[in-house]
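Breakdown of the fold
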Amino acid sequence: MSDKYDTRPKFGKGSVVYLANNKCTVEEVNLVKAKDFNDETYEYKYEYEYVLLTESGHTRKMSEEKLAGLMGDI
C-alpha cells in the first residue's frame, strides 16, 4: 500500500545542489505554510523550505518549487 501523496522533501539535509555558478549544501529542511503570489499564506497548504549554504558561506532560503525550478534551468 502506498500513500496518495509523497510527503518527503526532494532534497535531504546534507544534499549538495548546483545553482548557476554556486555549489550549495542543504543545511535545513523545514515544512512551512505555502504562500501564494501575493505572499499571503494558504490556510491548509504546506511546502518545504530549504536553507542553503553556499561555498562562500552565504545562506539562502528557498522553497522547494523555486529550488527545483532553478535546478531545471541549468
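Treat the numbers as computed from the prediction; the structure is a model and nothing was measured. (Residues numbered from 1 in each chain as written. Predicted model: local features only at pLDDT ≥ 70, side-chain atom pairs only at ≥ 80, totals over all residues. Heavy atoms only, no water.)

When helices and strands are counted, the protein chain shows 1 helix and 4 strands. The helix and strand sequence of the protein chain, counted from the amino end, reads β-β-β-β-α. Residue burial in the protein chain is summarised as follows: out of 74 residues, 19% are buried. Pairs at least 24 apart in sequence give 33% of the contacts found in the protein chain among residues at least 6 apart. Within the structure as shown, the protein chain displays about 6,000 Å² of accessible surface, and the carbon and sulfur contribution to it stands at 47%. (Helix = DSSP H or I, 4+ residues; strand = E, 2+ residues; numbered from the N terminus. Buried < 20%, exposed > 50% of the residue type's maximum accessible area, 1.4 Å probe, protein only. Contact = heavy atoms within 4.5 Å. Areas by Shrake-Rupley, 256 points an atom, 1.4 Å probe, with all protein chains shown as cover.)

Among the secondary structure elements, Gly57 is positioned in the loop between strand 3 (41–54) and strand 4 (59–63). Gly57 sits in the partly exposed class, given a relative accessible area of 48%.

Turning to the side chain of Thr54, a few remarks are in order. Note that Thr54 resides in strand 3. Given a relative accessible area of 7%, Thr54 falls into the buried group. A polar contact of 3.1 Å, which involves the side chain of Thr54, links it to the side chain of Ser56. Leave out the neighbours within four places in its chain, and Thr54 touches Asn22, Lys23, Cys24 and Arg60. (Polar contact = N/O pair within 3.5 Å; in protein donor to acceptor, adjacent residues only side chain to side chain.)

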